[in-house]
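# Architecture and fold: a report
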Amino acid sequence: MKKPSQFDAIVVGAGPSGNAAAYVMAKAGLKVLQIERGEYPGSKNVQGAILYANALEEIIPDFRDDAPLERHIIEQRMWMLDDTSFVGTHVRSDDYNKPPYNRYTIIRAQFDKWFSSKVREAGALLICETTVNHLIMDGDQVVGVQCDREQGDVYADVVILADGVNSTLARKAGFHGEIQAGNVALAVKEILFMPEETIRQRFNIGEEEGVVIEMVGRITDGMMGTGFLYTNKESLTIGVGCMLADFKRNPNRTSPYVLLEQMKHHPSIAPLIEGGEMKEYCAHLIPEGGFHAIPQVYGNGWMIVGDSGGFVNSAHREGSNLAMTTGRLAAETVIAAKAAGAGYRAAAFKAYKVALDKSFVMKDLHKYRDMPNVLHNNPQFFTTYPDLVARAARTMITVDGNDKKSKEREVLSSFRKSRSLPGLMGDAYKLWRAFR
Amino acid sequence: MNTPATPDKKPAAPVKKAGGRNLELPEHLKAYKGVWVFLEHDRGHVHSVSWELLGEARKLADKLGSGVAVAVLGGPDEPLEQFAAEAFSYGADKAYVVHDPVLLGYRNEPFTKGLTDLVNRYQPEILLLGATSMGRDLAGSVATTLATGLTADCTELNIDPASRALAATRPTFGGSLLCTIMTLAYRPQMATVRPRVMAMPQPQPDRGGEIVQGTLGMIETDIVTKLLDFIADANSNKINLPYADVIVSGGKGLKNPENFRLVFELARVLGGEVGATRPCVQAGWVEADRQVGQTGKTVRPKLYIAAGVSGAIQHRVGMESSDVIVAINTDPNAPIFDFAHYGIVGNALQVLPALTQAFADHLAMRRKQAA
Amino acid sequence: MHIVVCIKQVPDSAQIRVHPVTNTIMRQGVPAIVNPYDLFSLEEALRLKDRLGGKVTVLCMGPPQAEDALRKCIGYGADDAVLVTDRAFAGADTLATSYALAAGIRQIAKEQAVDIVFTGKQTIDGDTAQVGPGIAKRMGLHLLTYVSRIVDTDLDKRTIVVERRAEGGVQVLKTALPCLVTMLENTNELRFATLPAMIHAAGFPVRKWNREQAGIEDVSKIGLKGSPTVVSKVFGPTPRSEKAEMLELDTSSLRDVSLNLLQKIFTRHPTLEADLLMKEAS
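The shown structure was predicted, so the numbers you read here are calculated from the model rather than taken from an experiment.

### Observations regarding the sheet that holds strand 10 (residues 177–183) of chain B
- The four strands lie next to each other as 8(B)-9(B)-10(B)-14(C), forming an open sheet whose pairing is antiparallel. Bordering the open sheet on either side are strand 8 (156–160) of chain B together with strand 14 (229–235) of chain C, each of which pairs with just one other strand. When the angles between neighbouring strand axes are averaged without regard to direction, this sheet yields 30°.
- Looking at chain direction, strand 8 of chain B and strand 9 (residues 165–172) of chain B are connected through five bridges and run antiparallel. For leucine 157 of chain B, the partnering residue across the bridge sits in strand 9 of chain B and is alanine 168 of chain B.

Structural data, given as structure tokens:
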């Protein structure tokens, strides 16, 4: 006997995707209950962290008024590192200094707290330190959730799963299978405190301006992954992440922490972080299976948003904006379903998938669908090529009496010797396939 | 609790803030002179914290050029004059003694009246109490009755030379920082101090003083709260950490509770007590009475051996006054090595048994030599 | 029966860190919790309600975000919650705080007479243990601190009997209602909030009173103005100049290092060896 719904919607999780969903629904007047496992929203969350303003603007247009933002990003550096050097591309523009700013560095814990306060202001009810154990089913319809507290059953018309990369709910309900080690990356990061003045001088930025450095190469010890360095107001965030499967099969058994330590000692990186005092260390899993790893995202009385749906674009290191966008789209679907009054079977939520496909979320994921596979099976992109590129750059730049033509020949021959001509062509094709 | 002023890196002179606050001592309060200690006693003995406070009171009074007195309240037949004589040997010049049947056994009402009456009559500028169950119960009531300032759990007491006011220092924000608090415009300036934070002074047995007898002016029917019974603790199992002169402590670095037996073993050979850090107590590895630190006991043993203890500030403030501190930890960067006297970077599970054997052999050899 | 429990929202000092560069407290990101000592008192109040029926009101003087702490208490089972919040309370020390809370309790009592006031033994950020005794004094409530057990509460006879922890033993005290009780820590185990209670708490309309609504007329007694104690400075502990003398394990055997250490200890503390010899190794 199905119990009556106490709420229009239950949102499991108070991270970016859950907050976006709860906020949009509450603002539209729906009765929303949000359930968070951690002590407070964001306590279980870890992120780089970069905020993509565009995604949040769609939800809270005037977020800049009171959201806790660190620095707005005016310079992006993309580095390819071998053991002693890097070859990089920097993009810096004063256009990025024209408000409204497009990207910011944030401190996850503070941001989530702020976002959550907005959600509650909008009228949603939030309870913390409560874990949802199961979805409650009535036949094949999700009708509520069961929590780890006494009298822990609560019923709603729809349940939105926003419970992150470690989500077990969908798996338990049979909506998708186990997390594959090949579909998930393990990332570690440290926050290093540094006087504001030092950060400004070292990175050549003003009081509110920020720099983002994204890195690939030898720093991941042959594994598929990336490193990053972000400037916050009074601290730097430095981190690295690789596919979990790669950590497992790495012959050196390099742990993520060791990888990070090595990276911090790299001659190109060490001077930037010198003097920083490590005050926070955390690790997290990031879904990186891409398009092919996205599960079924809606059903009878339920939808999945954010990391628990694998909505992460690892090629561009975008996750939180996809999280917020999927949360918003799911919420809009619920609002429409309620207005339509045609029930809450899967058909009512199909519009969510349609909206996803039309949006940058699925379009980008689709574009990069082959990237995880290509990069994973071609470690040369993380080892040989960074070495070759770095050597090539050094060869061309060093003035040592050899003529330029000979140098060019030397560079080309080094590439051919290393990868062979068919190999080079194959690599070019693979990269093209990954990016198209 | 006040919100702290802007933190300085160097000690600074006290800040006289405006904002509608009175920070000048009113004329009529300038007549308040003398440093008092409330003598806490129970079943014939004075609590050592009162003597520790007396030592401090003497130092403060000497800086102020004034006298030290004790206030002692009790039943008609309690040896209060004896306590007063002891107090003189520890540095008091005067003792205000009040005998009364209703003062037999501590109760908040009569003791609050007794102490506040004495204060109002004899007007001390500083009043110190031990931060014990009795002291805290009494201090809060007395301070509110007198509408004056009270600083609790102080770790240091000084006189500010400019204002001649009491500068009371205590930990703040979980022990990570210290703050100095002053009561500038009210008298008496009250402070409580936990046992063992101040050193026990040396008694001078031929020192004398003046006893002033007082009366309470309350009768039993005035007092609503009745003391029905006193159930003494069973002494056999009592852990007396604060007064132990040798303490061996274990921390989470010991990895599991079974390894605490190595700590107990060394303590046994040394005739000492076993202490622990708060995480160990919270994990249920040892009894709460063994906790050393800011929220546990303060200790000042001659020898403190810390095994698997990181030396976080909350633990440090509970034991840093130990005469000799030895630390054993696998982490060469553990903060405890910053303030211990001797350190060994090694596994406590191996070092403790070796130390235990070394001490046992050495003491056995010495005993044979003496025999 | 009507019980008022006074609580305080405090930063979780276990998670407080000092900024390594500026030496200030980093409050951001440190979660605010209900002062843990208050929870023992809250649990005891709820147990009394379970046994004798009645109502538990939680009261807090604090900034607007202290509302969350009150909500938590509703989740545990309190019936009503009042937040006394006003800029005028800022900077209050314990004397000013007890004044404001006493006023709040009097105001609450106007709606329904209060039989027992509970406060926590002390706060983890102030440690003074003064507010409970302060409220009791101001309101003429019989004071029972450091209570380890409530033995009996008789609402008809208007009496209460408790066990109180003292040095060396336990006092058994009997007094009349209304009274003020502070519970010793670890005297009970806080119950778990049920899901319906948490949901109820999430949407509970916490009453907010400014100083007028709390019945406070004399502003000189609250906030900074009403606080006799002044914080004159905040500073980091001075690091000790001498670090530990390290005894190396890799060059000598453990036995040698141990004996070497003993010699150093006994040399440094001349009377220690004699003290140890005098003890009977038990």
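Alright, that's what it looks like, and here's the rest.
### A word on the arrangement of the chains
- Contacts between protein chains span two pairs of chains, and they are most numerous for chains B and C.
- Regarding chain A and chain B, which are not in contact, the minimum distance between any of their C-alpha atoms is 14 Å.

### Concerning the packing of aromatic side chains
All names here are of chain A.
- Within the structure shown, the criterion is met by 16 aromatic pairs over all chains.
- Both rings, one in tyrosine 385 and one in phenylalanine 415, keep their centres 6.3 Å apart while their planes meet at 45°; by these two values the pair is tilted. Remark: phenylalanine 415 occurs in helix 14 (residues 404–419) and tyrosine 385 occurs in helix 13 (residues 384–397); sequence separation between them is 30 residues.
- Linked through ring pairs, Phe63, Tyr101 and Tyr104 together constitute an aromatic cluster.
- For lysine 113, the ring lying beneath its charged end belongs to tyrosine 40, and the centroid distance is 5.3 Å.

### Notes on the packing of helix 13 of chain A against helix 14 of chain A
Residues and elements named next belong to chain A.
- Two elements in contact, helix 13 and helix 14, have axes whose closest approach is 10 Å; the angle formed by their N-to-C orientations is 170°. Relative to helix 14, the element helix 13 lies roughly antiparallel. Facing helix 13, whose interface residues are Thr384, Tyr385, Leu388, Val389, Arg391, Ala392, Thr395 and Met396, helix 14 presents Lys404, Lys407, Glu408, Glu410, Val411, Ser414, Phe415, Ser418 and Arg419.
- Among the residues making up the contact of helix 13 with helix 14, the classes are represented as seven nonpolar, four polar and six charged.

### What to know about the packing of helix 1 (residues 16–27) of chain A against helix 3 (residues 108–121) of chain A
Residues and elements named next belong to chain A.
- Contact geometry for helix 1 and helix 3: axes closest at 9 Å, N-to-C directions at 15°. Here helix 1 lies roughly parallel to helix 3, going by the angle between them. The handedness of the crossing between helix 1 and helix 3 is left-handed. Of the residues in helix 3, those in contact with Pro16, Asn19, Ala20, Ala22 and Tyr23 of helix 1 are Arg108, Asp112, Phe115, Ser116, Lys118 and Val119.

### With respect to the interface of chain A and chain C
- Across the contact, 26 residues belong to chain A and 23 residues belong to chain C.
- Counting every contact that joins chain A to chain C gives two salt bridges.
- At the junction of chain A and chain C, the tally comes to four residue pairs in polar contact (both at pLDDT 80 or more).
- Among the secondary structure elements, those contributing two or more residues to the side of chain A that touches chain C are helix 3, strand 7 (125–127), strand 10 (153–161) and strand 15 (277–287) of chain A.
- Partitioned by chemical class, the residues of the side of chain A that touches chain C number eleven nonpolar, four polar and eleven charged.

### So, helix 5 (residues 260–270) of chain B
- Of all the residues in helix 5 of chain B, the buried ones are Phe260, Leu262, Val263, Leu266, Ala267, Val269 and Leu270 of chain B.
- For helix 5 of chain B, the elements touching its buried residues are strand 14 (246–250), strand 15 (273–276), helix 6 (278–282), strand 16 (303–307) and helix 8 (348–370) of chain B together with helix 7 (272–278) of chain C.
- Positioned one or two residues after helix 5 of chain B, glycine 271 of chain B has a phi angle of 65°, which is positive.

### What about the side chain of threonine 220 of chain A?
- Relative to the helices and strands, threonine 220 of chain A resides in the loop between strand 12 (209–217) and strand 13 (225–231).
- When neighbours within four sequence positions are excluded, threonine 220 of chain A is seen to be in contact with Gly225, Thr226, Val240, Cys242, Leu259 and Phe382 of chain A.

### What to know about the sheet that holds strand 5 (residues 94–99) of chain B
- Ordered in space as 7-11-6-1-4-5-12 (chain B), the seven strands form an open sheet in which the pairing is parallel. At either end of the open sheet lies a strand with only one pairing partner, and these are strand 7 (150–151) and strand 12 (210–214) of chain B.

Procedures and definitions
The residue count restarts for each chain, going from 1 along the sequence in the order it is written. Chain labels run from A onward and ligand labels from 1 onward, assigned in the order the entries are written. Selection of residues for local features in this predicted model requires a pLDDT of at least 70, selection of side-chain atom pairs for listing and counting requires 80 or more, and totals for whole chains, interfaces and linings are taken over all residues. Side-chain numbers here rest on the full set of heavy atoms in the structure, without hydrogens or water. Two strands are said to pair when DSSP picks up at least two bridges between them. Think of it this way: any DSSP run of H or I at least four residues long counts as a helix, any run of E at least two long counts as a strand, and we number them from the N terminus. Axis definition: a line fit to C-alpha positions, over the contact stretch in the case of helices; interaxial angles, taken between N-to-C directions, run 0 to 180 degrees. Contacts are assigned to residue pairs that have any heavy atoms within 4.5 Å of one another. Side-chain rings of Phe, Tyr and Trp (the six-membered ring for Trp) are treated as a pair once their centres are within 6.5 Å; stacked means planes under 30 degrees apart, edge-to-face means over 60, and tilted covers the remaining angles. Should the NZ of a Lys or the CZ of an Arg lie within 6 Å of a ring centre and within 35 degrees of the ring normal, that charge is described as sitting over the ring. Note that the term roughly parallel is reserved for angles under 35 degrees, roughly antiparallel for angles over 145, roughly perpendicular for angles of 65 to 115, and oblique for everything else. Amino acids are sorted into nonpolar (Ala, Val, Leu, Ile, Met, Phe, Trp, Tyr, Cys and Pro), charged (Asp, Glu, Lys and Arg) and polar (every other residue, Gly among them). Take the far helix as the reference: if the near one is turned anticlockwise from it by less than a right angle, the crossing is left-handed, and if turned clockwise, right-handed. The working definition used for a salt bridge is a side-chain nitrogen of Lys or Arg within 4 Å of a carboxyl oxygen of Asp or Glu. In the analysis that follows, any N or O atom pair within 3.5 Å is treated as a polar contact, provided that within protein one partner can donate a hydrogen and the other can accept it, and provided that, for residues neighboring in sequence, both atoms belong to side chains. Type-normalised accessible area, obtained with a 1.4 Å probe on protein chains alone, sets the label of each residue: buried when under 20%, exposed when over 50%, and partly exposed for intermediate values.

Purely spatial values, then, with no claim about function.
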